[in-house]
Amino acid sequence: MAKISANLGFLWTDVSLPDAIYMAHEHGFDAVECHHPYAHDMNAVTNALTDTGVPMLGLNTAFGTRVGDGGLCAVPDRITEARDSIVQAVEYAEILGAKVIHAMAGDANGADAQTTFIENLQYASERAKPLGITIVIEPLNRFDKPNYFLKDSFQAEDIVGKVGCDNVKIMYDCYHTQRTEGNILHRYDQIKHLVGHIQIAGSPNRNEPNRGEIHYASVLAEMIKLGYDGYFGAEYIPKGKTAETLDWLPALQSV
């Protein structure tokens, strides 16, 4: 059986984060994950998690405070801000019981950006490891995010190797990988030992997982066969109200 998580950065964005947790539980998701919980009342969020028994899997480091920011961890002239965002994310992950933090690289390029990213990931690893938290990095496809530092799974594999910390892994987003590289199952098999979490969405339009060119029932079944025992995060843009776009969920949960 595939375990499916609702990514509340994209789903039920018209309600508060606590209400979105209740909605995800009501509609049968096995877990939730979010992007940026920092502006929300943590008592209300933790109460919703406790009431529903739904685990919060992960969250992202903050985008940053400037217009156009999309993360800070690979931006050479903003190391202090990046590390503050890492500390913040670890603190919130501990409160929420989340075990995965996506360290957002941001828009950057070149050797200095790579060095900055590696050193910030080592810092994040040191902060997160005592709490049993995994740091993940996620390549974003060049069509959606042309200036983002981390562009594909090959670069991510290289960065993880250079970081050299066993709690720094790859967020394997099937949508982004399909858009940039294709061959999502073959590539997953090559780097599965480095994968810390998997996300799904239809391709090429990032909509529901039962729309587009990826047959997720087959993909998830094969990933499970290859040894993946974690959750699959549904991070898609609903075509309408979230609750009206969930016809795909029972079929994938039955894989």
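Please refer to the structure placed before this passage.
Residues numbered from 1 in each chain as written. Predicted model: local features only at pLDDT ≥ 70, side-chain atom pairs only at ≥ 80, totals over all residues. Heavy atoms only, no water.

Student: Can you walk me through the overall build of the protein chain in this structure?
Tutor: Summing up its helical and strand segments, the protein chain has 9 helices and 8 strands in all. Against the 2.2 N^0.38 benchmark of 18 Å for 255 residues, the protein chain shows a C-alpha radius of gyration of 17 Å, consistent with a compact globule. The principal-axis extents of the C-alpha atoms in the protein chain amount to approximately 45 × 45 × 35 Å. Looking at the protein chain as a whole, 53% of its 255 residues qualify as buried. For the protein chain, restricting intrachain contacts to residue pairs at least 6 apart in sequence, the fraction spanning at least 24 positions comes to 76%. Working note: accessible area of the protein chain is about 11000 Å², and carbon and sulfur atoms make up 49% of it. (Helix = DSSP H or I, 4+ residues; strand = E, 2+ residues; numbered from the N terminus. Rg over C-alpha atoms; globule rule 2.2 N^0.38 Å. Buried < 20%, exposed > 50% of the residue type's maximum accessible area, 1.4 Å probe, protein only. Contact = heavy atoms within 4.5 Å. Areas by Shrake-Rupley, 256 points an atom, 1.4 Å probe, with all protein chains shown as cover.)

Student: How do you make sense of the nonpolar core when you look at a structure like this?
Tutor: Note on soluble globular proteins: their nonpolar side chains tend to be buried together. The biggest cluster of nonpolar side chains holds 80 residues, and the ones touching the most others in it are Ile-4, Phe-29 and Phe-117. Contacts of Phe-29, omitting those with residues within four sequence positions, involve Ile-4, Ser-5, Ala-6, Leu-11, Trp-12, Ala-24, Ala-234, Leu-246, Trp-248, Leu-249 and Gln-253. (Core = buried A, V, L, I, M, F, W, Y, C linked by side-chain atoms within 4.5 Å.)

Student: Which parts of the structure should I look at to understand the sheet that holds strand E7 (residues 195–200)?
Tutor: Where strands meet in a sheet, backbone hydrogen bonds hold them as pairs that are either parallel or antiparallel. An order of E2-E1-E8-E7-E6-E5-E4-E3 is seen for the 8 strands of this open sheet, with the pairing classed as parallel. Edge positions in the open sheet fall to strand E2 (31–33) and strand E3 (58–60), since each of these has one partner strand only. Along the sheet, successive strands turn relative to each other by an average axial angle of 35°, direction set aside. As paired elements, strand E1 (residues 3–7) and E2 share 3 bridges and run parallel to each other. Counterpart to Asn-7 in the pairing with E2 is Glu-33. Here helix H3 (residues 79–96) sits on the sheet and contacts E3 and strand E4 (100–102); the angle it forms with E3, its principal contact strand, is near 160°. Helix-sheet contacts for helix H5 (residues 153–163) involve strand E5 (134–137) and strand E6 (168–173), and the interaxial angle to E6 is about 165°. (Pairing = 2+ DSSP bridges. Axes fitted to C-alpha atoms, helices over the stretch in contact; angles between N-to-C directions.)

Student: Mind showing me how you'd approach unusual backbone geometry here?
Tutor: One can expect most non-glycine residues to show negative phi and most peptide bonds to be in trans. Residue Pro-204 follows Ser-203 across a cis peptide bond; omega there is 15°. Secondary-structure assignment places Pro-204 in the loop between E7 and helix H8 (216–225). Even without glycine at this site, Trp-12 takes up a positive phi of about 55°. Tracing the sequence through the fold places Trp-12 in the loop between E1 and helix H1 (17–26). The residue Arg-206 is not glycine, and still its phi comes out positive at about 55°.

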